[in-house]
Amino acid sequence: MWRDAWSRTLEMASRHFADLRVTNGRITNGCAGLTLAQYLLARETHTSVDQITLDDIRRLIPGDAGQDPAEIPRQWGERLQALGHNLDVTDDPIIRTWQASTHRGRFDTRPGNPHR
């Protein structure tokens, strides 16, 4: 399911950012967030990634409801744990993506970074 979410993210990003690559850092965090959102929703609803809508994804992100955006990493981490993921491992690509986007605020692609 993770690969499906990633493939769908790449397809969506290429439609809107044809001149950018996901790995160049300009859209990396957005793509990571979109992939994580699709994965979470698909797993939680027991459906396929292609059934997840933009409205579904928007509901994961606080709007004007007074929710603190800083709570998103903690909440998504709890949701990943509920799905059976260990937030401290480095050999799970889903958790590596979550760690990189939450612990660094951006993807650090320097050699030796365990979250690459």
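Anything mentioned here points back to the structure above.
Residue numbering note: each chain is counted from 1, following its sequence as written. Per-residue local features are limited, in this predicted model, to residues with pLDDT of at least 70; the limit for side-chain atom pairs, both in listing and counting, is 80 or more; totals at the level of whole chains, interfaces and linings are taken over all residues. Values reported for side chains reflect all heavy atoms of the structure, with hydrogen atoms and water molecules removed beforehand.

Caption draft 1: Spotlight on the packing of helix α1 (residues 2-16) against helix α2 (residues 28-45). Axes, fitted as lines to C-alpha atoms, cover a helix only where it is in contact. Angles between the N-to-C directions of the axes lie from 0 to 180 degrees. The helix count covers DSSP runs of H or I at least four residues long, the strand count covers runs of E at least two residues long, and both are numbered beginning at the N terminus. Contact geometry of α1 with α2 gives a least axis separation of 9 Å together with a crossing angle of 135°. Regarding the angle of α1 to α2, the classification is oblique. Two packed elements cross with a definite hand, and for α1 against α2 that hand is right-handed. Counting all contacts with α1, which are made through Trp 2, Ala 5, Trp 6, Arg 8, Thr 9, Met 12 and Ala 13, the residues of α2 involved are Cys 31, Leu 34, Thr 35, Leu 36, Gln 38 and Tyr 39. Residue classes follow a fixed rule: Ala, Val, Leu, Ile, Met, Phe, Trp, Tyr, Cys and Pro count as nonpolar, while Asp, Glu, Lys and Arg count as charged, and any other residue, Gly among them, counts as polar. Per-class residue counts for the contact of α1 with α2 are 9 nonpolar, 3 polar and 1 charged. Should an angle fall under 35 degrees it is called roughly parallel, over 145 degrees roughly antiparallel, and 65 to 115 degrees roughly perpendicular, with every other angle called oblique. Crossing handedness follows the turn of the near helix against the far one: under a right angle anticlockwise gives a left-handed crossing, and clockwise gives a right-handed one. Working rule for contacts: check all heavy atoms of both residues, and any pair within 4.5 Å makes them a contact.

Caption draft 2: Summary view of the pattern of salt bridges. A pairing counts as a salt bridge when a side-chain nitrogen of Lys or Arg comes within 4 Å of a carboxyl oxygen of Asp or Glu. For the coordinates displayed, the defined rule picks out 4 salt bridges. For Asp 55, the salt bridge is made with Arg 58, and the minimal N-O distance between the two is 3.6 Å. Of this pair, Asp 55 and Arg 58 both sit in helix α3 (residues 54-58), 3 residues apart, which is roughly one turn of the helix. On the accessibility criterion, Asp 55 (45% relative accessible area) is partly exposed. Residue Glu 78 pairs with Arg 74 through a salt bridge whose shortest N-O separation is 2.6 Å. Remark: Arg 74 and Glu 78 occur in helix α4 (residues 72-82); sequence separation between them is 4 residues, near one turn of the helix. Using a 1.4 Å probe on the protein chains alone, a residue whose accessible area is under 20% of its type maximum counts as buried, one over 50% counts as exposed, and one in between counts as partly exposed. Taking the relative accessible area as the measure of exposure, Glu 78 reaches 41% and is therefore partly exposed. When its relative accessible area of 41% is taken as the criterion, Arg 74 is described as partly exposed.

Caption draft 3: Quick look at unusual backbone geometry. With a phi close to 55°, His 46 is a non-glycine residue in the positive phi region. By the element assignment, His 46 lies in the loop between α2 and α3. Accessibility expressed as a relative area gives 75% for His 46, which makes it exposed.

Caption draft 4: The arrangement of the packing of aromatic side chains in detail. Aromatic pairs are defined between Phe, Tyr and Trp rings, using the six-membered ring for Trp, whenever the two ring centres lie within 6.5 Å; interplanar angles under 30 degrees are classed as stacked, those over 60 as edge-to-face, and all others as tilted. Taken as a whole and assessed by the stated rule, the structure comprises 1 aromatic pair. Their ring planes at 80° and their centres at 5.7 Å tell us that Trp 2 and Tyr 39 sit as a pair that is edge-to-face. Of this pair, Trp 2 sits in helix α1 while Tyr 39 is found in helix α2, placing the two residues 37 residues apart along the sequence. For Trp 2, a relative accessible area of 15% corresponds to the buried category.

Caption draft 5: Layout of the nonpolar core. Only buried residues count toward a nonpolar core. Its members are Ala, Val, Leu, Ile, Met, Phe, Trp, Tyr and Cys residues joined through side-chain atoms within 4.5 Å. Leu 36, Tyr 39, Ile 57, Trp 76, Leu 80, Ile 94 and Trp 98 are the most contacted members of the largest nonpolar core, which has 22 residues in total. Within the residue set of this core, elements represented by two or more residues are α1, α2, α4 and α5 (93-103). For this core, the element with the highest residue contribution is α2, accounting for 7 residues.

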